[in-house]
Amino acid sequence: MPFTMGPNSYGKSGIRLVRVGRESARHELRDLTVHTALSGDLDATHYTGDNTGVLPTDTQKNTVYAFARDGVGAIETFAERLARHFTDNTPSITAARVRIEEHAWTRIGDHSFTRGEGGELRTTEVVYDGASARTASGVRDLLLLNTTDSEFTGFLHDEYTILAETDDRILATAVTATWDYQADQDAFFDSAFYDHAFTRARGALLAAFADTYSLSLQQTLHAVGERILKAIPEAREVRLSLPNRHHYLYDLGRFGLDNPGVVFQAGDLPYGLIEGTVRREEA
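First things first, this report covers the structure right here in the doc. For clarity, every value in this text was computed on a predicted model and none was experimentally measured. (Residues numbered from 1 in each chain as written. Predicted model: local features only at pLDDT ≥ 70, side-chain atom pairs only at ≥ 80, totals over all residues. Heavy atoms only, no water.)

### Observations concerning the side chain of D31
Logical step 1: Residue position: D31 is located in strand β2 (residues 28–40).
Logical step 2: Residue class for D31 comes out buried when judged on its relative accessible area of 3%.
Logical step 3: Within polar-contact distance, the side chain of D31 engages the side chain of W105 at 2.9 Å.
Logical step 4: When sequence neighbours within four positions are dropped, the list of residues in contact with D31 reads R16, L17, V18, E101, E102, H103, W105 and R115. (Helix = DSSP H or I, 4+ residues; strand = E, 2+ residues; numbered from the N terminus. Buried < 20%, exposed > 50% of the residue type's maximum accessible area, 1.4 Å probe, protein only. Polar contact = N/O pair within 3.5 Å; in protein donor to acceptor, adjacent residues only side chain to side chain. Contact = heavy atoms within 4.5 Å.)

Spelled out as structure tokens, the structure:
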């Protein structure tokens, strides 16, 4: 055969799962989007359409809902339960990847909740290959803004540079951060650990953004990554994406008005995108 299959996977994306905990009059609400991807000995279905080794994606979806019947726990442990099940119970599958995003709801009563429009998500991705599980956790689209303590000066100028230097600007971003845990740590990485680690990491991220006098968004990125690694000793590196949500001082002079740094136009497209990885030296 002149052509062979390279790496491939198949699964179910966008599985919307809402679970209500009714163990007491004070209900608990979990709102997840789950994505599964399986890989293994799948040549036959690609070459000849022989599906004897294919676990249907509909079955994968049903498994997610069935596993939620008895509780979810931390999204990391839920993802690992699913990944291990698909790999250990399907002969043709040698690895499973499960990604989960959790949508945050704020309690306003025993059985009432509200969800803001910010879109912040808690995230995880677990890959299990039949021998060990690798877990990454994080947060996505966490909106942050400093009204001052940010500047951008001393940058490179060439014949196309018209951007004015500034020693006082609004710094706004929507942070996506993902931290990888050191290794397969099933012995003590349980739901309580992951929930506590996420709370510490998110708190460290917020504190770093608020505490850092920013000379560049790159500097802020490094400060955030460093603070997260200090908060979670079990994490080996943090990958960060920080889009620069520009705010432009609006020209009110055309109307005979001054603008002492109080009226801004929020930019949309294009935007600067700062990305980087902060890791421990031994990593």
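That shown, we press on.
### Points about the sheet that holds β2
Logical step 1: Strands sit in the order β1-β2-β3-β6-β7-β8-β9-β12 across an open sheet of eight strands; the sheet is antiparallel. The outermost strands of the open sheet, each flanked by one partner alone, are β1 (15–21) and β12 (272–279). Adjacent strand axes in the sheet meet at a mean angle of 20° when their direction is disregarded.
Logical step 2: When strand β3 (residues 93–103) meets strand β6 (residues 121–128), the two strands line up antiparallel, connected through eight bridges. For A96, the partnering residue across the bridge sits in β6 and is Y128. (Pairing = 2+ DSSP bridges. Axes fitted to C-alpha atoms, helices over the stretch in contact; angles between N-to-C directions.)

### Things to note about the packing of helix α4 (residues 191–211) against helix α5 (residues 217–231)
Logical step 1: Running from amino to carboxyl end, α4 crosses α5 at an angle of 145°, the nearest separation of the two axes being 8 Å. You can see that α4 and α5 cross each other, and the crossing is right-handed. Judged by residue contacts, R200, A201, A204, L205, A207, A208, F209 and D211 of α4 engage T220, A223, V224, R227, I228 and A231 from α5. (Left-handed = near helix turned anticlockwise from the far one by under 90°.)

### A word on the side chain of H35
Logical step 1: Looking at where H35 falls in the secondary structure, it is placed in strand β2.
Logical step 2: Of the polar contacts made by the side chain of H35, one reaches the backbone nitrogen of G14; its length is 3.1 Å.
Logical step 3: With near-sequence residues (within four places) excluded, H35 lies in contact with K12, S13, G14, R97, V98, R99 and E101.

Interpretation note: all reported values are geometric properties and have no functional meaning in isolation.
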